Amino acid sequence: MILLVLATCGVANAVIVQKVELKNGSVLEGYIQVQDGSSLMLVHTDKAVIVVSSNNADVFDRQVKYTVLDNAWKDWGEKHDAFIGSGDGRTLMLNEVSFKSSIRDTVATGKLNFRHYLINNLRTATNVKVLERGVTVKYLELTPNTYRVSWDDIRAIKAEPRKKTALSGINRIYQLADGRIFEGQYAGETDNSLSLFMDNGIVQSFKSSDVVKYTFRPINPDQDIFEQSPLLDVVKTNSGAIVRGIILEQNYASKKDSENLFLIQTSTGAIQTVKVSDIAELRKEVNTKYAPKFDLMLNEGDVMVNRKTAKFVKVHEEDDILMLDSIGRTVLKSDGTGKTNVTVEYRIDSSVGMEAFQLVKVTESKMKRQMVYSFSYKDLVNAVTRAKSIETSVNKTTKAEYELYGKGIYALYDAKKKRAIPFIVQ
């Protein structure tokens, strides 16, 4: 049986959706890039901790100036207070690890394991940070790499649970041979077990042999499945054909692979069927259409503008003119085209799915030698900027998005409480 391992976590520039924990203590963070019918697989990493016997490694030290370090090592050095010196003259000790054979490795074992791969294929690791040396050498690697491992090397494959603020992602639905069905987020697997993060906070585990059907479901019905998966599936058949898309289902109900199927949705929306017996190789590649959505966890009454805490001012009424106490110092920058995106996120339970504020241009004038900032009821009727989209998340956070064209002073007016959130567009 070919198992497709895919977890969904938040990613930034690095694509880390799995942690492959090896029996020797090494941890490979990234994703399984290639898998075929054998026990061997390729793991693409953006971060790794490698453990090897000191008999198999020579370590060389060198001090690297702060100015030539990449951002990953700068951030790591700051976080772990690892620099020597001050300012741009600081240095960080990095290492080169050269792998070598011991007497034991000269004896043919008949089986390639992770140690042999390091010695025979990787040979040297540069720009790494040794964390431990002595009986073993343990080092941290923060640059992308690819490692070949087998199930004999692996202790477990794990994933991190989605954050509560995640509004997109992929769930798995496991159907067992006895008819029971479980849905949750992929939590991990070993060579004979699978597990899911369930909504109740419990990790549910299964014997791999008990699962006869895998279904993959996007959790956000308002987003395309391609926007919710960080990786694409590339299925290569025995005939050399390539099917690229996202696997929706793996069915192992039959004891014959010729009767078991994969369903793959392509970018055109078409769904292709591939027999398990026809699959030669599974690959994964970074999905450029991935567009995860994240929510804010807000308390009742909280308001954020462009992810900054909103500052309210009082609004006083004179005739049909509404005057602001002040305009504050909140400044929003327009882009090169003159457009300013304004995102207002709030939890006001009486305004779920509705605009809680009216966005209006503020007039600046002088009265009795003092600047006055105001707008009129007529402006609220004829000159407000309407939200281009409004949505309320499962966490009761409502997000209203606006587009402004033109510089000046604006205010988000709360008519119920006679207050406003002013800001300046530059």
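K.L.:
So what exactly am I meant to see when it comes to the overall build of the protein chain here?
P.N.:
Helix and strand counts for the protein chain stand at three helices and 31 strands. If one aligns the C-alpha atoms of the protein chain with their principal axes, the spans along those axes are about 95 × 60 × 40 Å. The buried share of the protein chain, reckoned over its 426 residues, is 46%. Contacts spanning at least 24 positions in sequence make up 63% of the contacts within the protein chain whose residues lie at least 6 apart. Per element, the accessible surface of the protein chain, about 22,300 Å² overall, is 48% carbon and sulfur.

K.L.:
Help me understand the sheet that holds strand E21 (residues 308–309) in this model?
P.N.:
Within a sheet, each strand pairs with its neighbour through backbone hydrogen bonds, oriented either parallel or antiparallel. One open sheet holds the five strands; their spatial order is E21-E20-E25-E29-E28, and the pairing between them is antiparallel. Each edge of the open sheet carries a strand with a single partner, namely E21 and strand E28 (389–392). Where strand E25 (residues 339–346) and strand E29 (residues 398–405) come together, eight bridges link them in antiparallel fashion. The residue of E29 that forms the bridge with tyrosine 346 is threonine 398.

K.L.:
Which parts of the structure should I look at to understand the packing of aromatic side chains?
P.N.:
Each aromatic ring pair is described using two quantities: the centre-to-centre distance and the angle formed by the ring planes. The tally for this structure, following the rule as stated, stands at 14 aromatic pairs. Measuring from centroid to centroid gives 6.3 Å for phenylalanine 312 and phenylalanine 357, while their planes differ by 35°, and the two rings are tilted. Of this pair, phenylalanine 312 sits in the loop between E21 and strand E22 (313–318) while phenylalanine 357 is found in the loop between E25 and strand E26 (358–367), placing the two residues 45 residues apart along the sequence. The class of phenylalanine 312 is partly exposed, set by a relative accessible area of 29%. On the basis of an interplanar angle of 15° and a centroid distance of 6.1 Å, the ring pair of tyrosine 410 and phenylalanine 423 is categorised as stacked. Pair noted here: tyrosine 410 is in strand E30 (residues 408–414) and phenylalanine 423 is in strand E31 (residues 419–425), with a separation of 13 residues, a long-range link. In this pair, the class of tyrosine 410 matches that of phenylalanine 423, namely buried. Taken together through their ring pairs, the aromatic side chains of Tyr174, Phe182, Phe206, Tyr214, Tyr252 and Phe262 make up a single cluster. The ring of tyrosine 66 carries lysine 74 above its face, with NZ or CZ at 4.8 Å from the centroid. The ring of phenylalanine 83 carries the charged tip of arginine 90 above its face, separated from the ring centre by 4.7 Å.

K.L.:
Explain unusual backbone geometry to me, please; I cannot follow it from the model alone.
P.N.:
In most cases, non-glycine residues show a negative phi, while peptide bonds are predominantly trans. The phi angle at arginine 123 is positive, at roughly 70°, despite the residue not being glycine. Relative to the helices and strands, arginine 123 is located in the loop between helix H2 (114–122) and strand E6 (124–132). With relative accessibility at 53%, the residue arginine 123 sits in the exposed group. With a phi angle near 50°, asparagine 306 is a residue other than glycine that sits in the positive phi range. Topologically, asparagine 306 is positioned in the loop between strand E20 (303–305) and E21. Classification of asparagine 306 by relative accessible area gives partly exposed; the value is 29%.

K.L.:
What should I look at first to understand the pairing of strand E13 (residues 203–207) in this one?
P.N.:
Of the pairings in the sheet, the one linking strand E12 (residues 193–197) to E13 comprises five bridges and is antiparallel in character. Across the sheet, serine 193 pairs through a bridge with lysine 207, a residue of E13. Linkage of E12 to E13, two consecutive antiparallel strands, is achieved through a turn of five residues, within which glycine 201 is found at a positive phi near 90°.

K.L.:
Any chance you could explain helix H1 (residues 71–79) here in plain terms?
P.N.:
Two residues of an α-helix separated by three or four positions point the same way, owing to the 3.6 residues in each turn. For H1, the complete set of buried residues consists of Trp73, Lys74, Trp76 and Gly77. Each buried residue of H1 lies within a common arc of 165° when the element is viewed along its axis, so the set occupies one face. Summarising the geometry of H1, the exposed residues directed more than 90 degrees from the buried face are Asn71, Asp75 and Lys79. Residues of H1 that are buried make contact with strand E5 (91–99), E6 and strand E7 (136–141). Positioned one or two residues after H1, aspartate 81 has a phi angle of 50°, which is positive.

K.L.:
When you look at the side chain of arginine 90 in this model, what are you seeing that I'm missing?
P.N.:
Its place among the elements puts arginine 90 in the loop between H1 and E5. Overall, arginine 90 belongs to the buried group, its relative accessible area being 15%. Contacts of arginine 90, omitting those with residues within four sequence positions, involve Val64, Lys65, Tyr66, Glu78, Phe83, Ile84 and Gly85.

K.L.:
Which parts of the structure should I look at to understand the environment of isoleucine 154?
P.N.:
Inspection of the secondary structure assignment puts isoleucine 154 in strand E9 (residues 154–158). Judged by its relative accessible area of 4%, isoleucine 154 falls in the buried class. Placed 235 residues apart in sequence, isoleucine 154 and serine 389 show a C-alpha to C-alpha distance of 47 Å. With sequence-adjacent residues up to four places away left out, isoleucine 154 is seen in contact with Val20, Glu21, Leu22, Lys23, Met41 and Val149.

K.L.:
Would you explain the confidence of the model for the protein chain in this entry?
P.N.:
One rule of thumb: low pLDDT means the predicted coordinates there are not for detailed reading. Looking at the protein chain as a whole, the pLDDT averages 91, with 94% of positions reaching at least 70. Note on residues 1–12: pLDDT is under 50 here. Beyond four places in sequence and across chains, it has 55 contacts. When the criterion is pLDDT under 50, residues 106–110 qualifies, and its contacts beyond four places in sequence or with other chains add up to one contact.

K.L.:
I keep staring at the nonpolar core and nothing clicks. Help me out?
P.N.:
Taken as a class, soluble globular proteins show a tendency for nonpolar side chains to be buried jointly. Ranked by size, the top nonpolar core spans 55 residues in total, and within it Leu28, Phe99, Tyr139 and Tyr147 carry the most contacts. With residues up to four places along the chain from it excluded, the contact list for leucine 28 reads Gln18, Lys19, Val20, Leu22, Val43, Thr45, Lys47, Ala48, Ile50, Tyr147 and Val149. Counting residues in each nonpolar core, the second largest holds 20 residues, with Val303, Ala387, Tyr402 and Phe423 among its members.

The rules behind each value
Residues numbered from 1 in each chain as written. Predicted model: local features only at pLDDT ≥ 70, side-chain atom pairs only at ≥ 80, totals over all residues. Heavy atoms only, no water. Helix = DSSP H or I, 4+ residues; strand = E, 2+ residues; numbered from the N terminus. Buried < 20%, exposed > 50% of the residue type's maximum accessible area, 1.4 Å probe, protein only. Contact = heavy atoms within 4.5 Å. Areas by Shrake-Rupley, 256 points an atom, 1.4 Å probe, with all protein chains shown as cover. Pairing = 2+ DSSP bridges. Phe/Tyr/Trp six-rings, centres within 6.5 Å; stacked < 30°, edge-to-face > 60°. Lys NZ or Arg CZ within 6 Å of the ring centre and 35° of its normal. Arc of directions from axis to C-beta. pLDDT = per-residue confidence, 0-100. Core = buried A, V, L, I, M, F, W, Y, C linked by side-chain atoms within 4.5 Å.

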